[in-house]
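Listed below, chain by chain, are the residues.
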Amino acid sequence: MIRMPGIIEVRDLNVATDRQQILSNVHLTIKENAVNTIVGPSGSGKSTLIRTFNRLTELYPKLRQNGQVLFHGKDVRDYRVISLRRRIGLVFQKPNPFPASIYDNVAFGPKLHMKLTRTKLDEIVHDSLVSAGLYDEVKHLLDKSALELSGGQQQRLCIARALAVQPEVLMMDEPTSSLDPIAKGKIEDLMMELRNQYTVVLVTHDMGQANRVSDSIDLLYNGRIVDYDKAEVMKMPEFEQAKHFVMKLAK
Ligand SMILES: Nc1ncnc2c1ncn2[C@@H]1O[C@H](COP(=O)(O)OP(=O)(O)OP(=O)(O)O)[C@@H](O)[C@H]1O
Ligand SMILES: [Mg+2]
């Protein structure tokens, strides 16, 4: 099989502290215009792995890293960090809107990165809210504080805020774990919609979600990518906990 290079390629990546190996020899391909999902037990290194994609791991001085993360074939360390983080955005597990209006939350990034007229800024805010599936619910409330929105609406606002700087890759780290089933369903629909225009990287504990929305699923266990298609996990006692994930993936 010929493997097409992905928009992000991880090659032989190791991340460790003085006391702990967090990621071991990770190889991974993130495909363009697809939902690329990473699953695995708590503490397996999922968040650390995706933080290497836009160099957020550099914010933790204890972490040592070697190996390569390539974005469009070029080492992420060869990009300017601000531009890299604009192009590869991250939405966190807990919605974290700024204590400002809905409009200002979405306008924040574009104002920082681009010189824009008010009309152009209005257009970006509108388009980002539409893309995040939130516009109809908030169109008359753009001056209202973002903190007054429901949790599910706040999470879609954070997605709109991430989209407003026109990223190429949108990473979401357990974006629905604090949401009710209806809000979760809306964000799952959105992920599938977004892949037409963006590359989505999803971290989730929710195997049902992984099966519903993903174009590809990688299993991380103890900092290693495990080839569950070859049922490597099933044969090895040290992967006892990972078996649970594989059984659910198979459903
Ligand atoms: N900055 C850091 N300093 C020290 N140890 C860290 C740091 N970041 C992560 N770790 C350790 O690396 C391991 C993996 O953490 P990580 O947050 O990547 O796991 P995870 O798979 O995202 O877990 P969860 O599903 O609970 O979010 C953990 O043992 C954690 O304690
Ligand atoms: Mg995590």
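Residues numbered from 1 in each chain as written. Chains lettered and ligands numbered in written order. Predicted model: local features only at pLDDT ≥ 70, side-chain atom pairs only at ≥ 80, totals over all residues.

Below, the discussion takes up the sheet that holds strand S9 (residues 216-221). In space, the six strands of this open sheet follow the order S6-S7-S8-S3-S9-S10, with mixed pairing throughout. A single partner strand is all that each edge strand has here, and the edge strands are strand S6 (88-91) and strand S10 (224-226). Here the strands of the sheet are splayed against their neighbours by 25 degrees on average, with no regard to which way each runs. (Pairing = 2+ DSSP bridges. Helix = DSSP H or I, 4+ residues; strand = E, 2+ residues; numbered from the N terminus. Axes fitted to C-alpha atoms, helices over the stretch in contact; angles between N-to-C directions.)

What follows covers the confidence of the model for the chain. On average, residues of the chain score 91 in pLDDT, and 94% of them reach the 70 mark or higher. Mean pLDDT in the chain bottoms out at helix H9 (residues 232-235), which sits at 65, and peaks at strand S1 (residues 8-16), which reaches 98. (pLDDT = per-residue confidence, 0-100.)

With that settled, the discussion passes to the pairing of strand S4 (residues 64-71). Strand direction decides the pairing type here: S1 and S4, joined by seven bridges, are antiparallel. Paired with Glu 9 across the strands is Leu 70, a residue of S4. With two bridges connecting them, S4 and strand S5 (residues 74-75) associate as antiparallel partners. Residue pairing in the sheet places Phe 71 in a bridge with Lys 74 of S5. Two successive antiparallel strands, S4 and S5, enclose a turn made up of two residues, where His 72 displays a positive phi of approximately 50 degrees.

Moving on, we come to unusual backbone geometry. At Arg 55, a position not held by glycine, the phi torsion is positive, near 65 degrees. Relative to the helices and strands, Arg 55 resides in the loop between helix H1 (46-53) and S4. Of note, Gln 166 is a non-glycine position whose phi angle comes to about 55 degrees, a positive value. Tracing the backbone through its elements, the reader meets Gln 166 in the loop between helix H6 (151-163) and strand S7 (169-173). What makes Gln 166 partly exposed here is the crowd of 18 C-beta atoms within 10 Å. (Buried ≥ 20, exposed ≤ 12 C-beta atoms within 10 Å, placed from the backbone.)

Of all hydrophobic cores here, the largest spans 65 residues; its most connected members are Ala 160, Leu 170, Met 171 and Leu 219. It is H6 that provides the largest number of residues to this core, a total of six residues. (Core = buried A, V, L, I, M, F, W, Y, C linked by C-beta atoms within 7 Å.)

Before going further, it helps to examine helix H7 (residues 181-194). Here H7 spans 20 Å end to end across 14 residues, near enough to the 20 Å set by a 1.5 Å rise per residue. For H7, the set of buried residues is Ile 187, Glu 188, Leu 190, Met 191 and Leu 194. In a view along the axis of H7, the buried residues occupy a sector of 160 degrees, so they form one face of it. Within H7, the exposed residues directed more than 90 degrees away from the buried face are Pro 181 and Ile 182. (Expected span 1.5 Å × (residues − 1). Arc of directions from axis to C-beta.)

Here H6 contains 13 residues, and its C-alpha end-to-end distance of 18 Å stays within 8% of the 18 Å for a straight helix at 1.5 Å per residue. Residues Gly 152, Gln 153, Gln 154, Gln 155, Arg 156, Leu 157, Cys 158, Ile 159, Ala 160, Arg 161, Ala 162 and Leu 163 constitute the buried set of H6. Contact partners of the buried residues in H6: S6, helix H3 (102-113), helix H4 (118-131), helix H5 (135-138), S7 and H7. (Contact = placed C-beta atoms within 7 Å.)

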